[in-house]
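# Results of the structural survey
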Amino acid sequence: MSHPRDLLPAYAAGTLPPGSHRAVSAHVTGCRACMDELQAWRMVAQATRARSAAVAAPPPFAAIQARLRSASPVVAPYRGRVGERPLVRAARLLWRQPRLIGWPVWLVCGIVLAVGIGLAAVAPPGMGGQLLAETVPLAAALAVAGACGGGDPAAELVAASPTSVRAILLARLTVALGAVFLVAFGASGLLVGLHGGTAAGVLAFWLGPMVLLSAISFTMAVIWRPMPAVAVAVGLWAGKVMVGTGGLHPVVAYVFTALWTDSVLGMAAAAGLVVATVVLLPWLSSRPLPRYGPAGVR
Amino acid sequence: MDDTDRSTLARVAAGDQRALAELYTRHGQALLAYAEGLLGERQAAEEALQDTFLAVWRAAASFEGRSAVRTWLFGICRRQALTRLRRPGPGTVPVDSAGELPAGEPGPEAIALARADARAVGAAISALSPRHREVLDLAFGAGMSYRDIATVLGVPEGTVKSRLFQARNHLARALAPVSEPVPGPRRGWSEEEPG
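Residues numbered from 1 in each chain as written. Chains lettered and ligands numbered in written order. Predicted model: local features only at pLDDT ≥ 70, side-chain atom pairs only at ≥ 80, totals over all residues.

## Considering the overall build of chain A
Per the secondary structure count, chain A includes 13 helices and zero strands. In chain A, the succession of helices and strands from N to C terminus is α-α-α-α-α-α-α-α-α-α-α-α-α. Across the 298 residues of chain A, 37% fall into the buried class. Sequence-distant contacts, at least 24 apart, represent 75% of the contacts inside chain A between residues at least 6 apart. (Helix = DSSP H or I, 4+ residues; strand = E, 2+ residues; numbered from the N terminus. Buried ≥ 20, exposed ≤ 12 C-beta atoms within 10 Å, placed from the backbone. Contact = placed C-beta atoms within 7 Å.)

Pasting the structure below:
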C-alpha cells in the first residue's frame with residue numbers, strides 16, 4: 001500500500017469503513033512517516049472535539065415550539081395517494097406552478113408581450129402578424145427559461161418532493177408556454193378584428209418560431225442554466241432583427257430566416273429537443289452542482 | 001441511528017411536535033456547535049439553530065431520503081448560518097481544485113503539530129477561516145464521512161479532502177516556531193483559495 005495520506009483524517013475521526021480502517025492500521029504500524037502524520041491528525045481531531053464539547057447546551061425546545069404555532073407550511077404537502085385520481089392531481093400540480101414560478105419571470109415576459117402586441121395593434125394592416133412573430137417567440141423563450149431552469153428558492157423543495165422532476169418540469173413548461181400562447185392567441189384575434197384576415201393566417205406567423213425557440217430555450221435552461229438560455233434566445237432574436245438590415249452573410253441570414261419560419265421541420269426539431277431533454281432529465285439532475293446556496297429553505 | 005431518525009422525521013411530517021423535540025434533543029448540540037463554528041457567535045448560532053428546526057418542521061414531508069437525516073439537518077443548518085453571514089458561501093466558489101492533496105512523504109510541519117499543546121491547537125482552530133474550520137467541525141466534531149461532508153457542503157469529495165489538508169497546513173503554520181511570518185487570522189469567507 002502506498003502512503004494512505006488522504007485516508008488519515010477519516011482514520012483519526014473513526015469514520016473509515018472497516019476494510020479501509022484495517023488496511024490503514026496495518027500500514028501505519030509499519031510506516032514512521034504516516035504514524036507522525038496520523039499523530040498530527042489525532043491532535044487536530046482531539047482539539048476540534050474539545051471545542052465542540054465546550055459549546056454550551058442548546059436552549060430548551062420551548063423557544064422553537066413557541067415559533068411553531070405561527071409557522072405554517074409554505075406549500076402544503078400533497079396528501080393524496082399517489083396514483084389515485086390522476087387528473088385531479090395533474091390539475092393541482094398545474095395550479096401551483098404559477099405561484100412557484102417567480103414574478104420577475106412573468107413581469108419580463110409580460111413586458112415583451114405588451115410591447116409586441118401594442119406595436120402590432122397600431123401597425124399598418126399586414127404588418128401586425130410580422131410584429132407578433134418577432135416578439136411572441138422571444139417572450140415564450142424567456143418564460144420557459146425562467147420557469148424551467150430552476151435555481152429559484154422553491155426549486156429545492158420541489159427537488160425534494162415525492163413528485164417526479166419530469167412531471168414538475170412538464171407542468172412548468174405547460175404553464176409558461178400555455179400562458180404566452182393564450183395571450184398571443186387573444187392578440188391574434190384582436191388583430192383580425194382590427195385589420196381583417198384570418199386567425200390562422202396570423203397564427204402561422206408566430207406559432208412555429210415560438211415552438212422552436214421555446215424548445216431551444218427549454219433544453220438550454222434544463223441542461224445548463226436559465227441565463228445561457230435567455231442569452232441564446234436574445235441572440236437568436238437579434239439575429240432575426242439583423243436579417244432585416246441586410247448586413248448579414250447570406251448563409252447566416254438564411255439560417256436565421258429558417259429558424260424564424262413556421263415549418264414542419266422546425267416543429268419536429270422542437271419536439272425532438274423537448275422529448276430528448278425530458279428523457280435525459282433524471283441523469284442530468286444528478287449532476288454534482290452546488291446545491292446549497294445562502295438562499296435555502298426558510 | 002438513521003432508521004430511528006427516519007421514523008422520527010416521518011412523525012414530524014405528520015405534524016408531531018414531540019418528534020421534532022426528539023430530533024432537537026438528538027442533534028441540537030452538534031448542530032449548534034457547527035453553527036457556532038461557522039458564525040463565531042453564540043446568539044447568531046442559536047438563531048440559526050431555531051431556524052433550522054422551523055425549516056425542518058416545514059420541509060419534513062419533502063425529505064426524500066437521498067442522504068441520512070443527520071446530513072440533511074447539517075445541510076439546512078449550514079444554509080441558515082450562511083444566510084446570517086450575508087455573504088456567498090464557499091459552495092458557490094467555483095475554483096476549488098482538488099489537486100492540492102499531498103503526495104509522498106509527510107513534511108516536518110506534521111511533526112510540529114503532533115507535538116503541539118492541545119489548547120494551542122484549539123486556539124489556532126478558532127483563528128482559522130470559517131471555510132476551513134467547518135470542514136474540521138464536520139469531520140471530527142460531528143464525525144461525518146467524506147461523502148456526507150461533501151453532501152453538506154455541495155462539493156466533490158476531493159475538495160473535502162483538500163480543504164482538510166489546507167486547514168491542517170494552516171494550523172501547522174500557525175503553531176510552528178516563529179521562523180517564518182505567520183499568516184494573520186482569516187475570519188471572512190475568502191474568495192481565493194490559499195495555496
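There's more to say after this.
## Section: the overall build of chain B
If you tally the helices and strands in chain B, you get nine helices and zero strands. Each of the 195 residues in chain B was classed as buried or not, and the buried ones make up 48%. Put simply, of all contacts in chain B between residues at least 6 apart along the chain, 75% involve residues at least 24 apart.

## What about the nonpolar core?
Core analysis: the largest hydrophobic core is formed by 78 residues, its most contacted members being V44 of chain A together with Y34, A35, V56, C77 and I149 of chain B. Of all the elements, helix α2 (residues 17–39) of chain B adds the most residues to this core, at eleven residues. Once you skip the residues sitting within four places of it in the chain, A35 of chain B turns out to touch A45, A48, L49, C77 and A81 of chain B. Core analysis: the next-biggest nonpolar cluster, separate from the first, contains 58 residues, I101, L113, L203 and M210 of chain A among them. (Core = buried A, V, L, I, M, F, W, Y, C linked by C-beta atoms within 7 Å.)

## Re the packing of helix α3 (residues 32–54) of chain A against helix α6 (residues 118–126) of chain B
Describing two packed helices takes the angle between their axes plus the distance from one axis to the other. Contact geometry for α3 of chain A and α6 of chain B: axes closest at 9 Å, N-to-C directions at 70°. Taken together, α3 of chain A and α6 of chain B sit at an angle that is classed as roughly perpendicular. The residues of α6 of chain B that touch α3 of chain A, namely those facing M43, V44, Q46, A47, T48, A50 and R51 of chain A, are A118, V121, G122 and I125 of chain B. Looking at the contact of α3 of chain A with α6 of chain B, its residues break down into seven nonpolar, three polar and one charged. (Axes fitted to C-alpha atoms, helices over the stretch in contact; angles between N-to-C directions. Parallel < 35°, antiparallel > 145°, perpendicular 65-115°, else oblique. Nonpolar A, V, L, I, M, F, W, Y, C, P; charged D, E, K, R; others polar.)

## Re α2 of chain B
Residues and elements named next belong to chain B. Compared with the 33 Å implied by 1.5 Å per residue over 23 residues, the 28 Å span of α2 between its first and last C-alpha is markedly short. Of all the bends in α2, the greatest, near 55°, is centred on H27. G40 sits one or two residues past α2 and shows a positive phi near 70°. (Expected span 1.5 Å × (residues − 1). Bend = angle between axes of the 7 residues up to and from the residue.)

## Examining helix α11 (residues 226–245) of chain A
Residue and element names in this part refer to chain A. Its 20 residues give α11 an end-to-end C-alpha distance of 29 Å, which sits within 8% of 28 Å, the value for a rise of 1.5 Å per residue. Listing the buried residues of α11 in full gives P226, A229, V230, A233, L236, W237 and K240. Projected down its long axis, α11 carries its buried residues within an arc of 130°, all on one side. Opposite the buried face of α11, by more than 90 degrees, sit the exposed residues G235, A238 and T245. Where the residues of α11 are buried, they touch α7 (128–148), α10 (199–223) and α12 (250–259). Taken from the residues just after α11, G246 is the one with a positive phi, measuring 80°. (Arc of directions from axis to C-beta.)

## A short note on the environment of A110 of chain B
Within the fold, A110 of chain B resides in helix α5 (residues 108–114). By the C-beta count within 10 Å, which is 25 here, A110 of chain B ends up buried. When the C-alpha atoms of A110 of chain B and N169 of chain B are compared, they prove to be 8.2 Å apart, with 59 residues separating the residues in sequence. Once residues within four sequence positions are removed from consideration, A110 of chain B is found in contact with D36, E37 and A40 of chain A together with A172 of chain B.

## Remarks on the environment of Q130 of chain A
Summarising the element assignment, Q130 of chain A is placed in helix α7. Here Q130 of chain A falls in the partly exposed class, since 14 other C-beta atoms lie within 10 Å of it.

## Overview of the environment of A10 of chain B
Its location among the elements puts A10 of chain B in helix α1 (residues 2–13). Distance from A10 of chain B to F63 of chain B, taken between C-alpha atoms, is 8.9 Å for residues 53 residues apart in sequence.

## Remarks on the confidence of the model for chain A
All names here are of chain A. Residues with a pLDDT of 70 or more make up 84% of chain A, whose mean pLDDT is 81. The least confident element of chain A, judged by mean pLDDT, is helix α8 (residues 153–160) at 57; the most confident is helix α1 (residues 8–13) at 94. Taken as a whole, residues 285–298 scores under 50 in pLDDT and shows 30 contacts with residues more than four places along the chain or in a different chain. (pLDDT = per-residue confidence, 0-100.)

## Let's talk about the confidence of the model for chain B
All names here are of chain B. Across chain B, the average pLDDT comes to 80, with 77% of residues at or above 70. Counted against residues more than four places away or in other chains, residues 87–105, with its pLDDT under 50, gives 38 contacts. Taken as a whole, residues 190–195 scores under 50 in pLDDT and shows five contacts with residues more than four places along the chain or in a different chain. Model confidence for the complex: the whole-complex pTM is 0.53, and ipTM, which rates the interface, is 0.80.

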